[in-house]
Amino acid sequence: MTLDLPFAPGPRERPYTVQEVVEGARAVLERVLPPVWVEGEISNFKTYPSGHWYFSLKDPWAQLRCVMFRTDARRVPAQPSDGLKVYARGELSVGTKRGELQLIVRQLLATAEGGFYAVALERARAALEKDGLLDPARKRALPAFPRCVGVVTSPEGAAWNDIVAVARRRWPLVELVLIGARVQGEDAPRELGRALALANRYEGLDVLIVGRGGGSKEDLWAFNDEQVARAVAASRVPTISAVGHEMDVTLTDLVADTRAPTPSAAAEKAVPDRHDVQRQLAALAAHVGAAAGRRVELAGAAQRQTAGRMEIAAGRRVAAVRQVLGEAELLMAAGCASRVAAGRARADRLGAALEALSPLKVLERGFAVARDEAGRVLRRVAEFGPGMPFRLRVADGEVRSRVEAGT
Amino acid sequence: MSAAPREAASLQADLERLEAIVRALEANDLDLDRALELFEEGVGRLRDARERLGTAELRLRQLREAADGSVRADDLEG
C-alpha cells in the first residue's frame, strides 16, 4: 500500500539528496556558462583568515554573492571596500553549503580611472600625508662629500652596476654599500622594508639610495607600498629615490629627500664629480698664488720705502714665494686648462684691484710719499735742496711742505 | 674605518681650509711672515688633495645581518 500524498515521490522516483541537487545545479552552471564579466558595486566585503575574500556585487535591481580565493585576491593591489564600483570576472557556480548562486571571482578591476592601482595609491598617499610624511619641509639636504653611500636594490639588477659605474667615474673616494632586496614580486615590499631597516641599523652611511631600473607599472609597484614608503621616511640619513622611469611618481619618490629618475642619476646626485673638484682646486691654487704674490709685493714696496737694508730680506722672501708660486703653477697645469685659465684671469683681476689699492694701503700704515713741484718722487736726501718746497702725500691728502734752511 | 672614507673627509677639510686661506690672504692685513706660512700650507694642501683624487679606488661592500643579529659590511668584488 502506498500513501496518496500529492508531494510524495512516486514509486519509481527515489528522493535526491540535497547535496545531489545542489551539485547537479552547479555542474550544469559550470558546464554551460563560460566565465563572465560582471559590473557592480561591492557590498558586505569580508576577509577571512584563510585569505579568501567574500562580498556581494549589487546593482539597483539585484545582488550576487561572490568569493575570491586567496591566490587570486593577493594579485589585487588594494583590498576593495564597500561601495567601490568594479568589474569582476569569474565563473558562476553554486555554493554547496548554502545552496547559493555565487560568482567565483578570478579578476577584479576598479572601474575608476587607473583601476585598483589608483585606488591603492590614493589610499596609501592619504595615509602618508595624514602623518606628515609628504611635507616638503621634511626634505633634508644631501651631504656634499659623502664617505659612504648605501644602496637598497637587487644584487642581480642593472641598477647596482649602473651606480657602481657612475661612482667609479665620478668619485672613487666613496664607499658603496649594497643592501640587497628583491625589488619586484610579492615578496618585494617585505624585503625592501627589511633592507631599509638593516641600513638604518648600520652606523657608517651618509646617504641612502633606494631603487631599481625601469619596468612596467606592476614591476615597480613595491615602491608604492605604504610600508616601504614609511621605511624610507624613517631613514636616519638623507635618501635618494631612483625608481625606473616609466611611471609618473611612486610613493617612495614622494617620501625620499631627493628624487632621481634612474639609478645612474641617483648616483650622480649622491657623489660630487672629481673633475669639478680638480677644477675647484686649480682655481684655489690660482687664488692662493695671486693673493700671496700681491701680499708679498705690497710688503716689498712698503719696505723699500722705509729702509734700503730691508730690501735684501724682502728680496729673499719674494724669491721664496716665487718658488712656491712655481709649484702652484704646476698644480694648476695639471688641472683642467680652461678652468685654470678662468681661475687665473680671476686671480689677475683680483691682483689688479689689489695693486690699485696697494699704495694707499701703505700710506694708511703711516708712510708718506714726497714729490717735488713737478710731481717727481723724491727718494734721496740729495734731491732735497735747502728751502725747497715739496708736497707730502699722506693717506687722506697732501701737505704742502718746505725743507728747513741748512738741511 | 677604511682608507677611502677618511680621504673623502679630509678632502672636504682641505677645500674648506683652502678657501679660508684665500680669504685670509685676500684680506691683506696679515703680516708678511704669517701670509707666507698660510701660502705654504695652502700649497701643501693643494698637493695632498690632488693626490687623494688621483689615487682613490672605489670600495664596494655588502651589508648582512650576522647570526647574532649584528650588522656586518663585507667586502664585495668590484
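Residues numbered from 1 in each chain as written. Chains lettered and ligands numbered in written order. Predicted model: local features only at pLDDT ≥ 70, side-chain atom pairs only at ≥ 80, totals over all residues.

### Section: the overall build of chain B
Consideration 1: In terms of regular secondary structure, chain B is built from two helices and two strands.
Consideration 2: For chain B, the succession of helices and strands along the chain, N to C, is α-α-β-β.
Consideration 3: For chain B, the residues scored as buried account for 31% of the 78 residues in total.
Consideration 4: Sequence-distant contacts, at least 24 apart, represent 38% of the contacts inside chain B between residues at least 6 apart. (Helix = DSSP H or I, 4+ residues; strand = E, 2+ residues; numbered from the N terminus. Buried ≥ 20, exposed ≤ 12 C-beta atoms within 10 Å, placed from the backbone. Contact = placed C-beta atoms within 7 Å.)

### Points about the overall build of chain A
Consideration 1: A count of helical and extended segments in chain A gives eleven helices and 13 strands.
Consideration 2: The buried share of chain A, taken over its 407 residues, is 32%.

### Structural notes on the sheet that holds strand β11 (residues 369-371) of chain A
Residues and elements named next belong to chain A.
Consideration 1: Here we have three strands laid out as an open sheet, ordered β11-β12-β13, and antiparallel in their pairing. Looking at strand neighbours, the two that pair on one side only are β11 and β13 (397-402), the edges of this open sheet. Neighbouring strand axes in the sheet, compared pairwise and without regard to direction, differ in orientation by 30° on average.
Consideration 2: Strand direction decides the pairing type here: strand β12 (residues 389-394) and β13, joined by six bridges, are antiparallel. Looking across to β13, one finds that R391 is bridged to R400. (Pairing = 2+ DSSP bridges. Axes fitted to C-alpha atoms, helices over the stretch in contact; angles between N-to-C directions.)

### Here we look at the pairing of strand β3 (residues 63-68) of chain A
Residue and element names in this part refer to chain A.
Consideration 1: Of the pairings in the sheet, the one linking strand β2 (residues 53-58) to β3 comprises six bridges and is antiparallel in character. Considered in β3, the bridge of W53 is made with M68.
Consideration 2: Connecting β2 to the antiparallel partner β3 that follows it, the hairpin turn spans four residues.

### Some details on the confidence of the model for chain A
All names here are of chain A.
Consideration 1: Here chain A averages 82 in pLDDT, and 77% of its residues register 70 or above.
Consideration 2: When the elements of chain A are averaged for pLDDT, helix α11 (residues 337-364) gives the smallest value, 49, and strand β6 (residues 148-153) the largest, 97.
Consideration 3: For residues 333-340, every residue scores under 50 in pLDDT, and the model assigns this stretch 16 contacts once sequence neighbours within four places are set aside.
Consideration 4: Confidence drops under a pLDDT of 50 for residues 350-357, and excluding neighbours within four residues, the segment shows seven contacts in the predicted structure. (pLDDT = per-residue confidence, 0-100.)

### What about the nonpolar core?
All names here are of chain A.
Consideration 1: Counting residues in hydrophobic clusters, the biggest one holds 74 residues, and the most contacted among them are V151, V152, I163, I209 and V288.
Consideration 2: Counting residues per element, this core draws most heavily on helix α9 (residues 274-306), which supplies eleven residues.
Consideration 3: Two domains each provide a minimum of three residues to this core, namely domain 2 (123-270) and domain 3 (274-358).
Consideration 4: Each residue touching V151, except ones within four places of it in the same chain, is listed here: W160, I163, L176, V177, L178, I179 and I209.
Consideration 5: Counting residues in hydrophobic clusters, the runner-up holds 17 residues, among them M68, L84, V105 and A120. (Core = buried A, V, L, I, M, F, W, Y, C linked by C-beta atoms within 7 Å. Domains from an automatic or database assignment.)

### Description of the sheet that holds β6 of chain A
Consideration 1: The strand order across the open sheet built from seven strands is β10(A)-β9(A)-β8(A)-β6(A)-β7(A)-β1(B)-β2(B), with neighbouring strands paired in mixed fashion. Strand pairing shows two members of the sheet lacking a second neighbour, β10 (258-260) of chain A together with β2 (71-75) of chain B, which therefore form its edges. When strand polarity is set aside, the average angle formed by the axes of neighbouring strands in this sheet is 25°.
Consideration 2: Relative to strand β8 (residues 207-212) of chain A, β6 of chain A is paired through four bridges, and the arrangement is parallel. Residue G150 of chain A lies in a different strand from β8 of chain A, and its bridge partner there is L208 of chain A.
Consideration 3: The strands that helix α8 (residues 263-270) of chain A touches are β6, β8, β9 (239-243) and β10 of chain A; relative to β9 of chain A, the one it contacts most, it runs at about 160°.

### Some thoughts on the packing of helix α4 (residues 158-170) of chain A against α8 of chain A
Residue and element names in this part refer to chain A.
Consideration 1: Closest axis-to-axis distance for the α4/α8 pair is 8 Å, and the angle between their directions is 35°. For α4 against α8, the interelement crossing comes out right-handed. Touching A159, D162, I163, V166, A167 and R170 of α4 are P263, S264, A266, A267 and E268, all from α8.
Consideration 2: Class assignment of the residues belonging to the contact of α4 with α8 gives a composition of seven nonpolar, one polar and three charged. (Left-handed = near helix turned anticlockwise from the far one by under 90°. Nonpolar A, V, L, I, M, F, W, Y, C, P; charged D, E, K, R; others polar.)

### As for the pairing of strand β7 (residues 175-180) of chain A
Consideration 1: Where burial is concerned, most of β7 of chain A is hidden: five out of the six residues are buried.
Consideration 2: With six bridges joining them, β6 of chain A and β7 of chain A adopt parallel strand pairing. The partner of C148 of chain A across the bridge, within β7 of chain A, is E175 of chain A.
Consideration 3: Note that the unit made of β6 of chain A, α4 of chain A and β7 of chain A has a crossover that is right-handed.
Consideration 4: As paired elements, β7 of chain A and strand β1 (residues 59-65) of chain B share four bridges and run parallel to each other. Bridging from a neighbouring strand, V177 of chain A pairs with R61 of chain B of β1 of chain B. (Right-handed = clockwise from strand over helix to strand, strands pointing away.)

### Considering the confidence of the model for chain B
Should the pLDDT be low somewhere, the predicted coordinates at that spot are not to be read in detail.
All names here are of chain B.
Consideration 1: Chain-level pLDDT for chain B is 79 on average; 86% of the residues reach the 70-or-more range.
Consideration 2: Confidence, expressed as mean pLDDT per element, reaches its minimum in chain B at helix α1 (residues 3-27) with 74 and its maximum at β1 with 93.
Consideration 3: Across residues 1-6 the pLDDT falls below 50, and counting only partners more than four positions away or on other chains, this stretch makes eleven contacts in the model.
Consideration 4: Our summary of model confidence lists the complex with pTM equal to 0.63 and ipTM equal to 0.81.

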